[in-house]
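# Breakdown of the fold
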Amino acid sequence: MENQLAKSSEERTFQYQDSLPSLPVPSLKESLKKYLESVKPFANEEEYRKTEEIVQKFQSGIGEKLHQKLLERAKGKRNWLEEWWLNVAYLDVRIPSQLNVNFAGPAAHFEHYWPPKEGTQLERGSIILWHNLNYWQLLRKEKVPVHKVGNTPLDMNQFRMLFSTCKVPGITRDSIMNYFRTESEGRSPNHIVVLCRGRAFVFDVIHEGCLVTPPELLRQLTYIHKKCHSEPDGPGIAALTSEERTRWAKAREYLIGLDAENLALLEKIQSSLLVYSMEDDSPHVTPEDYSEIIAAILIGDPTVRWGDKSYNLISFSNGVFGCNCDHAPFDAMVMVSISYYVDEKIFQNEGRWKGSEKVRDIPLPEELIFTVDEKVLNDISQAKAQYLREASDLQIAAYAFTSFGKKLTKNKMLHPDTFIQLALQLAYYRLHGRPGCCYETAMTRYFYHGRTETVRSCTVEAVRWCQSMQDPSVSLHERQQKMLQAFAKHNKMMKDCSAGKGFDRHLLGLLLIAKEEGLPVPELFTDPLFSKSGGGGNFVLSTSLVGYLRVQGVVVPMVHNGYGFFYHIRDDRFVVACSAWKSCPETDAEKLVQLTFCAFYDMIQLMNTTHL
């Protein structure tokens, strides 16, 4: 990505969209074979034999019929999964999405020119905002380089969802509103919304045909900051976005019914480029310890986040920044791209604005004042209480492992991503005394509107290796061999999944076809081993590689007794962020991270053993 951002290219961001291949439907036989392999670590002989029978029956019976219907569907759609995935994974989900679905992460500027420092929030905020707006203009002009693997272009559609995008709650299903247009497509909104102390303000970022400069942005932010810190707090309408989805939909309908102008104000927020959040907190952060900053970004003040917005840019009182994003419209790699771009620009300019200090006479920000009554204020106060109660239950442990990184693992011929996945398997096994079903994100962006597939990292090979590491009678040579077998297995699965040959999304498609046809749920999906192995979103380890840049993030666990585990990889370090629920007596994010770091040493030690 560094090269992709550095070189100027004549290619247009979205030019390959029409020529990308359709998302394939994998072979039923292959998918079921892979599924059977994936349940093995969680079954005794009898359970496995029973599941094997269920799978065989499914394959020769209803499964084949559903598969044929899926093939029919795929003929008429370039991505047979897209609409289904959006609905099932995001829009139909009723739990509060701000905490349970959104992803969040800190900006890396604190590592170089912007260490935490009180009194810098506004000035730094104007600079970071300006770089974000430049990226918006690059996207509008289609000058953001196309992501490629070798010479193969990847799908860039998710980048259309970064700006001017918002989820809108519905009673049974939410929807996504996207107002972004490229320059060739026409006009795009050019205002941002600033949230501060329960109040909302709006201003345009284009004045007389030009982007406003950091000194001009500083004037706007200072005006808002002063106003909010010298006058009473606002009602905090934004807190409603942290509610359970149906409850928020009803509260929104009531708000609109109260005064038609409220709808216009909501649409102003929905269509804004991004929401800029001003927080009063000063979370601690160092290049080795991200725990407090990540917690503050993921579970901060709900009155200054619009939880449904695709991009909340968050600024803290000590000049530290981060983002909180609705996951429905895009995956983390979009945020990683813009975060890296902005971080590089701040680094290149030594954290300063080096242009003109001149400030044009631009209109001051306008406050969005909602009409509220007792019921709305009561809804807000309930939403806040519910959110803060749930947020206080979240444990975050986020640290840098600095003894070595990608350089050493590559030197040992070990894929760095697989290295972390297997270390996590070993850590979980040591902490809980059993294998942990694991979801790792694979990207399917080789295909039209491709998003993700599941790599199930807990393989038979990984478990055999974990067992050998706990058995003193197993020789170092044998442990090393088992580890290398686990590496080979994981690498192959990742390759298959990225090539559209994963099985989790395929099985989901078959289940959804059955539902659409009004058929009973096939036994395959009600078999206890289906959910025990992670099926239906029951993975105890929900993991993702955030990339190979200075960008980190986090999500909450998929299940109550699970962990969220995001990590990024650099030449000299691995940075991991782990979440768990405090109310679950058996999970401990701190312990899991420390055991993962111990596993890193053990694995390198195995490769260093000379007498193998």
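Everything numeric in this text was worked out from a predicted model, so none of it was measured.

Calculation criteria
- Residues numbered from 1 in each chain as written.
- Predicted model: local features only at pLDDT ≥ 70, side-chain atom pairs only at ≥ 80, totals over all residues.
- Heavy atoms only, no water.
- Helix = DSSP H or I, 4+ residues; strand = E, 2+ residues; numbered from the N terminus.
- Rg over C-alpha atoms; globule rule 2.2 N^0.38 Å.
- Buried < 20%, exposed > 50% of the residue type's maximum accessible area, 1.4 Å probe, protein only.
- Contact = heavy atoms within 4.5 Å.
- Areas by Shrake-Rupley, 256 points an atom, 1.4 Å probe, with all protein chains shown as cover.
- Lys, Arg positive; Asp, Glu negative; His and termini not counted.
- Charge placed at Lys NZ, Arg CZ, Asp CG, Glu CD.
- Pairing = 2+ DSSP bridges.
- Axes fitted to C-alpha atoms, helices over the stretch in contact; angles between N-to-C directions.
- Core = buried A, V, L, I, M, F, W, Y, C linked by side-chain atoms within 4.5 Å.
- UniProt positions renumbered as here; feature names shortened; annotations may be inferred.
- Polar contact = N/O pair within 3.5 Å; in protein donor to acceptor, adjacent residues only side chain to side chain.
- Expected span 1.5 Å × (residues − 1).
- Domains from an automatic or database assignment.
- Salt bridge = Lys/Arg side-chain N within 4 Å of Asp/Glu carboxyl O.
- Nonpolar A, V, L, I, M, F, W, Y, C, P; charged D, E, K, R; others polar.

If you tally the helices and strands in the protein chain, you get 21 helices and 19 strands. For the protein chain, whose C-alpha radius of gyration is 25 Å, the value lies close to the compact-globule estimate of 25 Å for 612 residues. For the C-alpha atoms alone, the extent of the protein chain along its principal axes is close to 75 × 60 × 50 Å. When burial is assessed residue by residue, the protein chain has 59% of its 612 residues classed as buried. Taking all contacts inside the protein chain whose residues are at least 6 apart in sequence as the whole, residues at least 24 apart take part in 77%. Of the roughly 24,500 Å² of accessible surface on the protein chain, 51% is carried by carbon and sulfur atoms. Considering the protein chain, the positive charge centre built from 71 side chains and the negative charge centre built from 75 side chains are found 4 Å apart.

Excluding glycine, a negative phi dihedral is what most residues carry, and trans is how most peptide bonds are arranged. In this structure, Ser 164 takes a positive phi of about 50 degrees despite not being glycine. Note on placement: Ser 164 falls in the loop between strand 3 (152-153) and strand 4 (165-168). On the accessibility criterion, Ser 164 (0% relative accessible area) is buried. Backbone geometry places Glu 208, a non-glycine residue, at a positive phi of 50 degrees. On the basis of relative accessibility, which here comes to 66%, the residue Glu 208 falls in the exposed class.

With mixed pairing, the six strands of this open sheet are ordered in space as 14-19-18-17-15-16. Pairing within the sheet leaves two strands with one partner each, and these edge strands are strand 14 (394-401) and strand 16 (452-456). Going across the sheet, the axis of each strand differs from the next one's by a mean of 25 degrees, ignoring polarity. Relative to strand 19 (residues 573-581), strand 18 (residues 563-570) is paired through seven bridges, and the arrangement is antiparallel. Its bridge partner lying in strand 19, Arg 570 is registered against Arg 573.

As a further point, take the nonpolar core. Counting 84 residues, the largest nonpolar core has Phe 419, Trp 465, Leu 507, Leu 524, Leu 592 and Phe 600 as the members making the most contacts within it. By size, the runner-up hydrophobic cluster in this structure holds 58 residues, among which are Leu 122, Ile 128, Val 146 and Phe 566.

The subject of this paragraph is the sheet that holds strand 6 (residues 191-196). With respect to topology, seven strands assemble into an open sheet ordered 1-12-11-10-6-7-13, the strand pairing being mixed. Of all the strands in the sheet, just strand 1 (103-106) and strand 13 (366-367) have a single pairing partner and so form its edges. Bridge analysis of strand 10 (residues 275-278) against strand 11 (residues 312-315) gives four bridges, and the strand direction is parallel. Across the sheet, residue Met 278 finds its bridge partner in strand 11, namely Ser 315.

Attention shifts here to the UniProt feature "domain: Choline/carnitine acyltransferase" (unreviewed entry) in the protein chain. This chain's UniProt record puts "domain: Choline/carnitine acyltransferase" (unreviewed entry) on residues 23-594. For the annotated span residues 23-594, helix accounts for 43% and strand for 16% of the residues, and the straight-line distance between the end C-alpha atoms is 39 Å.

Mapped onto the fold, Gln 348 is located in helix 12 (residues 332-348). With 153 residues separating them in the primary sequence, Gln 348 and Leu 195 have C-alpha atoms 29 Å apart.

The sites that UniProt annotates as "active site" (unreviewed entry) are His 327. On the basis of relative accessible area, His 327 is assigned to the buried category, the value being 17%. Each residue touching His 327, except ones within four places of it in the same chain, is listed here: Tyr 90, Val 101, Asn 102, Phe 103 and Arg 451. Separated by 3.1 Å, the side chain of His 327 and the backbone oxygen of Phe 330 make a polar contact.

Another point: helix 5 (residues 82-91). Every buried residue of helix 5 is accounted for by Trp 84, Trp 85, Asn 87, Tyr 90 and Leu 91. Check the buried side of helix 5 and you find it contacts helix 4 (62-76), strand 4, strand 5 (175-178), strand 16 and helix 18 (504-516).

Moving on, we come to the pairing of strand 14. Taken across its eight residues, strand 14 has eight buried, putting it largely inside the fold. Side chains Leu 394, Ile 396, Ala 398 and Ala 400 of strand 14 all project onto a buried face; the interleaved residues Gln 395, Ala 397, Tyr 399 and Phe 401 project onto the opposite face, where all are buried too. Direction of pairing for strand 14 relative to strand 19: antiparallel, over a ladder of eight bridges. Looking at strand 19, one finds that Ala 398 is bridged to Ala 577.

Over its 12 residues, helix 10 (residues 260-271) runs 17 Å from end to end, which matches the ideal 16 Å to within 8%, given 1.5 Å per residue. Those residues of helix 10 not exposed but buried are Asn 262, Leu 265, Leu 266, Ile 269, Gln 270 and Ser 271. Of the surrounding elements, those touching the buried residues of helix 10 are strand 4, strand 5, strand 6, helix 9 (245-258) and strand 10.

Domain annotation for the protein chain reports domain 1 (28-78 + 402-610) and domain 2 (118-141 + 160-392). The straight-line distance from the C-alpha centre of domain 1 to that of domain 2 is 35 Å. In this assembly, 18 residues from domain 1 lie in contact with 19 residues from domain 2. Between domain 1 and domain 2 we count four salt bridges in total. The closest approach of N and O atoms between Glu 344 and Arg 550, which form a salt bridge, is 2.9 Å. Remark: the boundary between domain 1 and domain 2 carries nine residue pairs in polar contact (both at pLDDT 80 or more). With four residues, the single largest contributor to the side of domain 1 that touches domain 2 is strand 19. By residue class, the composition of the side of domain 1 that touches domain 2 is eight nonpolar, four polar and six charged.

Examined bridge by bridge, strand 4 and strand 5 share four bridges and lie antiparallel to one another. Along strand 5, the bridge assignment pairs Lys 167 with Ile 176. Between the end of strand 4 and the start of strand 5, which pair antiparallel, lie six residues.

Bringing the pattern of salt bridges into the picture now. All told, the structure shown has 39 salt bridges when counted by the stated rule. In this structure, Glu 350 engages Arg 352 in a salt bridge whose closest nitrogen and oxygen atoms are separated by 3.5 Å. Judged by its relative accessible area of 33%, Glu 350 falls in the partly exposed class. Connected via shared salt-bridge partners are Arg 94, Asp 174, Arg 245 and Asp 308.

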